[in-house]
Each structure stands twice: as C-alpha cells, then as structure tokens.
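Reading the structure
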Amino acid sequence: MKIILLGPPGAGKGTQAASIREKYGIPHISTGDIFRENVRLGSPLGVEARKYMDAGQLVPDNLVVSMVADRLEKPDCVRGFLLDGFPRTLPQAEALDSYLTSKGTVLDGVILLDVDDETVVLRLSGRRVCRACGQIYHSTFKPSRSGNRCEVCGGETYQRDDDTEKVIRNRLTVYHQQTTPLISFYKEKGILRAVDAKASSGNVMNAIESLCANRS
Ligand code: ADP
Ligand code: ZN
C-alpha cells in the first residue's frame, strides 16, 4: 500500500498514521518528525530546517524532496509506505510522481482528513507530545494521568515550539495557500478520498480498509 495522508496541521494525521502502521505493517514516514529529529541532533539539515519550522513556514522543496527520496529507498518501504506531511506543495507532489514512475509504481490513494480551522487551533494549542515515545496528549481533552510525564513510558511531555496560537494560524495560512492545490491535483487523478476528521477516527480507518479492498 502506498498512501498519502493529506490535511491541515492538527487533522490527526500522526495519530491515524500510528494505527495504520500497526495494522498494515507499513512504515509511517512523517517529514515533520524527520525534521524534528534532525533539529534535536543538530544536524546541518536540522539547523537549516529549524529556521522555517519555528516560523510555521515550509522548508524549501529541494531539501524535503531529497530527504524523502532517501527515506523511500530504505528496505522497509518495499511493501509500501504511509506518507504524512508530504507532499505539501505542487512541486513536491510532482517530484513524488516522477520518483514513483521511475520505480514503475503508483500511489494507491490519498486520504484527505477534513477539519475546520478553529478545531485545528483548539487541538494544537493544547497538544502535548511525549519526548521519548511520541505519544500524543491534549491538556484539556486528553491529559496524561501522570501529569507532565507520559502515561505509557514515563517520558517527559512537552509542547512543540510551533504549537502556539500565532504559529498555528500561520501554518494554517500556509496550508490553505500551498497545500490545498493538491486536493484538485489528486482529485483529477481519481485517487482522492475525503473523510471527515472532526468526527470519529474510525472514518479514516474505514477509508483505508476500502482502499485495500479495492486493490485485491
Ligand atoms: P503539522 O502539524 O503542521 O502538520 P509537521 O509535523 O508535519 O506539522 O511539520 C512541521 C514543520 O516541518 C512544518 O511546519 C514545516 O516547517 C516542516 N515540514 C514538514 N513537512 C514538510 C514538507 N513536506 N515540506 C516543507 N516543510 C515541511
Ligand atoms: Zn512516552
């Protein structure tokens, strides 16, 4: 299965991706996670990416595309992959298409997680993430029973630098300008499936299951 999860920040891509990875055994490739890991390690890529991330801007396409192409070469991608946070611009989508074509393969589907801006702001401004295992909490809707520690692993939970209201609004503007054109791009290819991401998270799983069913 080669799937893209598309949608605004805060649509729940990361949470959904974790269950998909578990169920289908395909790697979850989050460009945001890879960038954050590079920032943490202080790698040259991380130092460069951070300038954009902290402002809620996109990292330049050439950096992202080569990073993703490297990742897709890893052996765990032979059976498929789930992309989260990529592509985010038309040039990225086109680059992905030519990459896949050069490998003689195509995408199975693009799942659009639909959610309104105010829900996004509410979700992200309360989001807390475990530094150790990545478990996601919400200060109001889903607080950790262990306070500032992760319920699962005891790791420290923290608020991402870009999860402040000002930066969130900026990320939404960037999404509407740069990423929404991908919706018609994939619609025209006939592989887009929109699901309501404000309702139950089961919707997304159902969409993926029907993608799988149509395949076999
Ligand atoms: P979000 O919650 O906004 O979807 P991500 O964790 O996917 O956040 O990404 C965080 C930041 O990393 C983005 O705001 C952007 O600066 C950078 N980033 C991640 N993926 C991409 C991409 N495909 N193209 C450009 N920048 C990206
Ligand atoms: Zn944890």
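Summarised in this report is the structure supplied together with it. (Residues numbered from 1 in each chain as written. Chains lettered and ligands numbered in written order. Predicted model: local features only at pLDDT ≥ 70, side-chain atom pairs only at ≥ 80, totals over all residues. Heavy atoms only, no water.)

**A word on the packing of aromatic side chains**
Within the structure shown, the criterion is met by 1 aromatic pair. Seen from their ring centres, Phe185 and Tyr186 are 5.0 Å apart, and the 80° between their planes marks the pair as edge-to-face. We note Arg131 situated over the ring of Tyr158; from NZ or CZ to the ring centre the distance is 4.2 Å. (Phe/Tyr/Trp six-rings, centres within 6.5 Å; stacked < 30°, edge-to-face > 60°. Lys NZ or Arg CZ within 6 Å of the ring centre and 35° of its normal.)

**What about the coordination of the zinc ion (ligand 2)?**
The zinc ion (ligand 2) binds to the protein through Cys130 (SG), Cys133 (SG), Cys150 (SG) and Cys153 (SG), with metal-donor distances spanning 2.3 to 2.4 Å. We note that the donor set of the zinc ion (ligand 2) lies within a single chain, spaced as C-x2-C-x16-C-x2-C. You can see Cys130 sitting in strand β5 (residues 127–130) and its partner Cys150 sitting in the loop between β6 (136–138) and β7 (157–158), a full 20 residues away along the chain. (Donors = N, O, S within 2.8 Å, 3.2 Å for Na, K, Ca; no water. Helix = DSSP H or I, 4+ residues; strand = E, 2+ residues; numbered from the N terminus.)

**Points about the sheet that holds strand β2 (residues 28–30)**
Reading across the sheet, the 5 strands line up as β2-β3-β1-β4-β8 and stay open at both edges, with parallel pairing between neighbours. The sheet is open, and its two edges are formed by β2 and β8 (192–196), each paired on a single side. Across the sheet, the axes of successive neighbouring strands diverge by a mean angle of 20°, strand direction being ignored. In the sheet, β2 pairs with strand β3 (residues 81–84) via 3 bridges, with the strands oriented parallel. Following the sheet pairing, Ile29 is matched in β3 by Leu83. This element, helix α2 (residues 31–41), spans β2 and β3 of the sheet and lies at about 65° to β2. (Pairing = 2+ DSSP bridges. Axes fitted to C-alpha atoms, helices over the stretch in contact; angles between N-to-C directions. Contact = heavy atoms within 4.5 Å.)

**Looking at the environment of Ala197**
Topologically, Ala197 is positioned in the loop between β8 and α9 (202–215). The class of Ala197 is buried, set by a relative accessible area of 9%. A sequence separation of 77 residues divides Ala197 from Val120, and the C-alpha atoms of the two residues are 11 Å apart. Residues within four places of Ala197 in sequence aside, it is in contact with Ala11, Leu113, Asp114, Val115 and Arg123. (Buried < 20%, exposed > 50% of the residue type's maximum accessible area, 1.4 Å probe, protein only.)

**Overview of the pattern of salt bridges**
Following the criterion strictly, the structure yields 17 salt bridges and no others. Where Arg50 meets Asp161, a salt bridge forms, and the shortest distance between an N and an O atom there is 3.1 Å. Here Arg50 is found in helix α3 (residues 44–53), whereas its partner Asp161 is found in the loop between β7 and α7 (165–179), with 111 residues between them in sequence. Of the residues examined, Arg50 reaches a relative accessible area of 36% and is grouped as partly exposed. (Salt bridge = Lys/Arg side-chain N within 4 Å of Asp/Glu carboxyl O.)

**Considerations on the environment of Tyr158**
Within the fold, Tyr158 resides in strand β7. In this structure the C-alpha to C-alpha distance between Tyr158 and Ser125, which are 33 residues apart in sequence, comes to 12 Å.

**Some points on the site of ligand 1**
Near ligand 1 you find 19 residues, and of these Thr31, Arg36, Gln57, Gly85 and Arg171 are the closest. At 3.2 Å from an oxygen atom of ligand 1 is found a side-chain nitrogen or oxygen belonging to Arg88. Measuring from a nitrogen atom of ligand 1, one finds a side-chain N or O atom of Gln92 at 2.9 Å. Relative to its unbound accessible area of 540 Å², ligand 1 is 96% covered by the protein chains. In terms of residue count, α2 provides more of the shell around ligand 1 than any other element does, 4 residues in total. Considering only residue class, the shell around ligand 1 consists of 7 nonpolar, 5 polar and 7 charged. (Near = heavy atom within 4 Å. Polar contact = N/O pair within 3.5 Å; in protein donor to acceptor, adjacent residues only side chain to side chain. Areas by Shrake-Rupley, 256 points an atom, 1.4 Å probe, with all protein chains shown as cover. Nonpolar A, V, L, I, M, F, W, Y, C, P; charged D, E, K, R; others polar.)

**Some points on the sheet that holds β5**
An order of β6-β5-β7 is seen for the 3 strands of this open sheet, with the pairing classed as antiparallel. Each of the sheet's edge strands pairs with one partner strand only, and the pair in question is β6 and β7. One ladder, built from 2 bridges, connects β5 with β7; its direction is antiparallel. Residue Val129 lies in a different strand from β7, and its bridge partner there is Tyr158.

**Details of the side chain of Thr157**
When you line up the elements, Thr157 lands in strand β7. Among the residues examined, Thr157 registers a relative accessible area of 12% and is labelled buried. With residues up to four places along the chain from it excluded, the contact list for Thr157 reads Arg128, Val129, Cys130, Tyr137, Gly147, Asn148, Arg149 and Cys150.

Honestly, it's all geometry; don't read function into it.
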